[in-house]
Amino acid sequence: MAFVITEPCVGVKDATCLTVCPVDCIHTNEEADQYYISPDDCIDCAYCVEACPVQAIFDEFTVPAQWRPYINKNREFFN
Ligand code: SF4
Ligand code: SF4
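A brief structural summary. In this text, all values refer to a predicted model and were calculated from it rather than measured experimentally.

1. Side note on the site of ligand 1
For ligand 1, the set of nearby residues contains 14 residues, the closest of which are Phe 3, Cys 21, Cys 42, Cys 45 and Cys 48. Here the shell around ligand 1 is composed, by residue class, of 13 nonpolar, no polar and one charged.

Below, the structure written as structure tokens:
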């Protein structure tokens, strides 16, 4: 399992989640409109879920249906 950042992060990108992630697996770049979680590095601690002010983060099995494409979007950012 891994955690996934979804649409509410787009345009917010405030980086609060980075301050609680113990393994530094949340990244972005200047071109990206959101942050992404590396599924190979996330240790499923869930600390970021509560930290996010816009409820953008879900574990991959509870991502709302309309945001399921974000599961691949997070993975592809690191490929
Ligand atoms: S679940 Fe934990 S390890 Fe995974 S991105 Fe969130 S804070 Fe980092
Ligand atoms: S805390 Fe939420 S809105 Fe802020 S960068 Fe992380 S996922 Fe995006």
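There's plenty left to go through after this.
2. So, unusual backbone geometry
Positive phi, normally seen in glycine, also occurs at Ala 15, with a value near 70 degrees. With respect to the element layout, Ala 15 can be found in the loop between strand 1 (3-5) and strand 2 (26-27). Phi is positive for Ala 46, close to 75 degrees, though the residue is something other than glycine. Residue classification places Ala 46 among the partly exposed residues on the basis of 14 C-beta atoms within 10 Å.

3. A closer look at the nonpolar core
Ranked by size, the top nonpolar core spans 16 residues in total, and within it Phe 3, Val 4, Ile 5, Ile 37 and Ile 57 carry the most contacts. Those elements giving two or more residues to this core turn out to be strand 1, strand 3 (36-37) and strand 4 (57-59). Per-element tally for this core: the top contributor is strand 1, with three residues. Beyond its immediate stretch of four places on either side in the chain, Ile 57 contacts Phe 3, Val 4, Ile 5, Cys 17, Cys 48, Val 49 and Cys 52.

Thresholds, definitions, all that
Residues numbered from 1 in each chain as written. Chains lettered and ligands numbered in written order. Predicted model: local features only at pLDDT ≥ 70, side-chain atom pairs only at ≥ 80, totals over all residues. Near = placed C-beta within 6 Å. Nonpolar A, V, L, I, M, F, W, Y, C, P; charged D, E, K, R; others polar. Helix = DSSP H or I, 4+ residues; strand = E, 2+ residues; numbered from the N terminus. Buried ≥ 20, exposed ≤ 12 C-beta atoms within 10 Å, placed from the backbone. Core = buried A, V, L, I, M, F, W, Y, C linked by C-beta atoms within 7 Å. Contact = placed C-beta atoms within 7 Å.

So, to be careful, I would describe these as geometric facts and stop short of saying anything about function.
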